[in-house]
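So you can see what is in the structure, the chains are spelled out below.
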2 protein chains.
Amino acid sequence: MPEFRPLSLVIGYMLIVLGASMTIPALFDFADGNRDWQGFLLSSALTVFTGFALVLAGRPPIDQAPQGLNLRQAFLLTSLSWVMISVFAALPFIFVSVRLTVPDAIFEAVSGFSTTGSTVIVGLDLTPPGTLLWRGLLQWAGGMGIVVMAITVLPLLQVGGMQLFHTESSDRSEEKILPRLTQISRAIGLIYLGLSLACALTFWACGMSAFDAIVHMMATVSTGGFSTSDKSFMNWDSPVLDMAAILFMFLGALPLMLFWPAIRGKPSNLFGNTQVMAYFTITAAFTAALTVFQWYGGIHEGWQALRYAAFSTVSIITSTGFMNVDYGLWGPFATSIFVVMMLIGGCSGSTAGGFKIFRLQILYRAVENQIRRIMYPNGIFTARYNERPLHDATISSVTGFLFLYLLTFAASGITLVALGLDMTTAFSAAASTIGNAGPGMGPIVGPAGNFSTLSAPQIWVLTLTMLLGRLELLTVYVLFLPRFWRH
Amino acid sequence: MPEFRPLSLVIGYMLIVLGASMTIPALFDFADGNRDWQGFLLSSALTVFTGFALVLAGRPPIDQAPQGLNLRQAFLLTSLSWVMISVFAALPFIFVSVRLTVPDAIFEAVSGFSTTGSTVIVGLDLTPPGTLLWRGLLQWAGGMGIVVMAITVLPLLQVGGMQLFHTESSDRSEEKILPRLTQISRAIGLIYLGLSLACALTFWACGMSAFDAIVHMMATVSTGGFSTSDKSFMNWDSPVLDMAAILFMFLGALPLMLFWPAIRGKPSNLFGNTQVMAYFTITAAFTAALTVFQWYGGIHEGWQALRYAAFSTVSIITSTGFMNVDYGLWGPFATSIFVVMMLIGGCSGSTAGGFKIFRLQILYRAVENQIRRIMYPNGIFTARYNERPLHDATISSVTGFLFLYLLTFAASGITLVALGLDMTTAFSAAASTIGNAGPGMGPIVGPAGNFSTLSAPQIWVLTLTMLLGRLELLTVYVLFLPRFWRH
């Protein structure tokens, strides 16, 4: 049984920050002259109060020095903090004018904080600014949280081959964790801030209002996908704006840590990276396929076809979920391609979701290696990844992840079908939420649809799937093992 | 570049046997008084003639002793013999009264010999006995071929974790291969014959005509699924016959080699086997789920629900493909379950297709092992399978197989969608053919449907997928590597 006190302390601090940040949308609504600021202040008070209570309950006794976290506590903290933040971040959606039900509000908050971007709110164009900003803020903070988690916590937890990224920057010895953690978080924070500034200014220069530019920036660099309009980027229908969005969505799905050496004059670290190159190639291949498909099928021609293919591909494979066209009307071939892209996702160490490119590469290496072993049974071969040896143990670890990923996908898809959805809707929604992409396919959850018509049980399943996908499955699943709770 | 002469010799002998066996359906048609016997004799002549030509071309020079096969030749022989036998086995379907087109005839032959059981022939109840018997014979011989291949050749080729079954019975040293091969084939042949005799007698005793009993026996013990009626077992609508079929389909999907010690008084080898136990559990679980589902959904009640659930589950998971009810009408939940079952398949070393139970178990062990490693980072753990250590290299080998299996499934499904099929039809047909199950889902390829309405390109894709599934993917894929053909 892990000691709960340190967890209470950390989550308490997080809730205080979360509650304090609810005053920002309150200010916007107050300035706008609508009464939603009251709902935000009420939520803020509840959240800050709970936060203080948890901090008090978690304080170490005076005669005892503060302790580091052990492995079990780290696992528990990771899942628990995501759940707690989502629950409290959902409060405003219940109290302000959108008046969501409890499952819908939690879905919206989890969708925001996990940077999925599926929404149950209809009529975004008429929604008060505070709510729109709050959704953006959740995605922006969630994006930052994911990157820090992917670089610092997950390699320690050795989840699904993440130990590949276990370098000196994430050493297991406890004394080293905290200082390095702060240092890396600061570097990532700077990169994320710089990217955000550049993105917001570009959107603004391309014709968005300052408010729209800021909210969309928050949903872009975090590859989240919440918009201020039901029509997403179709509302602006601007090729320049689309190009800007493509650029920043793509950048958001790259390993952010690699920007650091790139900025310091070593761009080869970023562009020479195996994962980045594969990611670029895969995105280009899918864009080309969808361009040819639209042209050949008589849907769109020439530059239009390329524009829609590139935007839709980048939007889905980076797991953002914006749209500049209703690609849900492109038929079953496009639907299959989009579901595959939802499952693939972006690079590790980015804000993107999905199975992740590096895992695909490792599986590819496993096939290559097996073929070599088959053909030269007496040879000894070691696969390599990013110029480092790739051990069978890492491959086996990615295998475990793949198996759980498929099981979770199949189980949530079948559960949704049992709860009354048709197969396309159910399995695309499962793929989209486990990959944290956003929209599914079909009339209900497709790019032109909305999750608001789903029933409460369906919403709970999808909420769980988003959380599982975001926390890379194993982080959550270990908590359900009796062994985890034994001494 | 491998030396072709020994391959020519072996395939030549196979074709002579194949051609000679075409006289059996010729006799049946002659006795029946229809003129199809001419088509069979023509096919027989062409096949035997080609066989002799290949044997002559492949004879070693007089001054040279006959040689064993090296690894590359073994790979090439495996794929090539399946293709050549299928092509020549397709000849009767072109020349007799069913008059199939070339792609349809090859599809039917591959479907038979790979024990898939999908058919393009409509009106089986009125089809001459020779053709029905030929389809049965193909499945029966194919089933035998697969078991021998799975025990002798595939472990040598180390395909997808098959090295687990690489015991002293499949030693790599070339001197040992042939005698052991003959010995094992003889044991398997005896078991297979015994099972066939028992099955045919049971079917006959349960009310089938002698001819129907023999053809269905051939399609049952091989988990093939060809019937003499368009309505499959619905034609008899007999609970006793259904129970007999359930029993023998299930036995056919067990590792046949394990019957040997079981017969000799050590049944624990069979029933205590990890794979067999897991197989039994999975089948029981799916049966229970589908029983409850039918009852709850008001489709069928009580024993009827259990009867239909058990038959359909065993039929699909053993990759047989018989039906005693049109489960295609059970809606999307059942459809999802059936597609999952098609992909899973039976035990290794049996006539069943699919991903195979032992691979699922190895993936499960990989997850277990990873969780242990995560929770006790300093411990050293070795997974075990069937009381033997399971090395990371084996897991990595299964990983490669899983990855290729998923890629092949997704690629063939998407190709079928691009060729004009709807998603349910396309992906269920892909799952059904790669798993060698037989029927897909949906109105076209579902249990009550027929593959005859598919276009030639769609038929070619499915023919390829059946072959790939049957030869465990890698056996075929290595042939497309430039490296394979280099010296």
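All of these numbers come straight from a predicted model, not from anything done at the bench.

**Some points on the packing of aromatic side chains**
- Evaluation of the coordinates by the stated rule reveals 44 aromatic pairs over all chains.
- Ring centres of Phe-293 of chain B and Phe-333 of chain B lie 5.0 Å apart, and the angle between their planes is 40 degrees; on these two criteria the pair is classed as tilted. Here Phe-293 of chain B is found in helix 13 (residues 274-296), whereas its partner Phe-333 of chain B is found in helix 15 (residues 332-344), with 40 residues between them in sequence. The residues Phe-293 of chain B and Phe-333 of chain B share a single accessibility class, namely buried.
- Pairwise contacts between aromatic rings join Phe-203, Phe-233, Trp-236, Phe-311 and Phe-322 of chain A into one cluster.

**Re the interface of chain A and chain B**
- If you look at the interface, chain A gives 51 residues, while chain B gives 51 residues.
- Both faces considered, chain A and chain B share a buried interface measuring about 4300 Å² in area, 77% of it formed by carbon and sulfur atoms.
- Seen at the junction of chain A and chain B, the total is 3 residue pairs in polar contact (both at pLDDT 80 or more).
- Where the side of chain A that touches chain B is concerned, the elements lending two or more residues are helix 4 (71-89), helix 15 (332-344), helix 16 (357-375), helix 17 (392-418), helix 18 (423-434) and helix 22 (482-485) of chain A.
- When residues of the side of chain A that touches chain B are assigned to their parent elements, the largest contribution, 15 residues, is made by helix 17 of chain A.
- The residue makeup of the side of chain A that touches chain B, split by class, is 34 nonpolar, 11 polar and 6 charged.

**Observations regarding the nonpolar core**
- Of all hydrophobic cores here, the largest spans 305 residues; its most connected members are Phe-338 of chain A together with Phe-338 of chain B.
- Examining the composition of this core, we find that 13 residues originate from one element, helix 7 (residues 129-157) of chain A, more than from any other.
- Aside from chain neighbours lying at most four places away, what touches Phe-338 of chain B is Leu-290, Ser-312, Ile-316, Tyr-327, Trp-330 and Met-441 of chain B.

**With respect to the domain arrangement of chain A**
Residues and elements named next belong to chain A.
- Once the domains are mapped, chain A shows domain 1 (1-99) and domain 2 (390-485).
- Each of domain 1 and domain 2 has a C-alpha centre, and the two are 26 Å apart.
- Across the contact, 10 residues belong to domain 1 and 10 residues belong to domain 2.
- Together, the buried faces of domain 1 and domain 2 total about 940 Å²; carbon and sulfur atoms form 79% of this surface.
- By the criterion of area lost to domain 2, the three top residues of domain 1 are Phe-75, Ser-79 and Trp-82, representing 48% of everything that side buries.
- At the junction of domain 1 with domain 2, the criterion picks out 0 salt bridges.

**Digging into the environment of Thr-415 of chain B**
Residues and elements named next belong to chain B.
- Here Thr-415 lies in helix 17 (residues 392-418).
- The class for Thr-415 is partly exposed, based on a relative accessible area of 34%.
- Separated by 332 residues in the primary sequence, Thr-415 and Val-83 place their C-alpha atoms 22 Å from one another.

**Side note on the state of the cysteines**
- As enumerated under the stated definition, the model contains 0 disulfides over all chains in all.
- Here Cys-206 of chain A stays unpaired: no disulfide links it, and the sulfur of Cys-199 of chain A, its closest cysteine neighbor, is 9.7 Å away.
- On the accessibility criterion, Cys-206 of chain A (22% relative accessible area) is partly exposed.
- Unpaired in this structure, Cys-347 of chain B has its nearest cysteine sulfur neighbour in Cys-199 of chain B, at a distance of 18 Å.
- For Cys-347 of chain B, a relative accessible area of 0% translates into the label buried.

Reading the values: the criteria
Residues numbered from 1 in each chain as written. Chains lettered and ligands numbered in written order. Predicted model: local features only at pLDDT ≥ 70, side-chain atom pairs only at ≥ 80, totals over all residues. Heavy atoms only, no water. Phe/Tyr/Trp six-rings, centres within 6.5 Å; stacked < 30°, edge-to-face > 60°. Helix = DSSP H or I, 4+ residues; strand = E, 2+ residues; numbered from the N terminus. Buried < 20%, exposed > 50% of the residue type's maximum accessible area, 1.4 Å probe, protein only. Contact = heavy atoms within 4.5 Å. Buried area = accessible area lost by both parts, 1.4 Å probe. Polar contact = N/O pair within 3.5 Å; in protein donor to acceptor, adjacent residues only side chain to side chain. Nonpolar A, V, L, I, M, F, W, Y, C, P; charged D, E, K, R; others polar. Core = buried A, V, L, I, M, F, W, Y, C linked by side-chain atoms within 4.5 Å. Domains from an automatic or database assignment. Salt bridge = Lys/Arg side-chain N within 4 Å of Asp/Glu carboxyl O. Disulfide = S-S within 2.5 Å.

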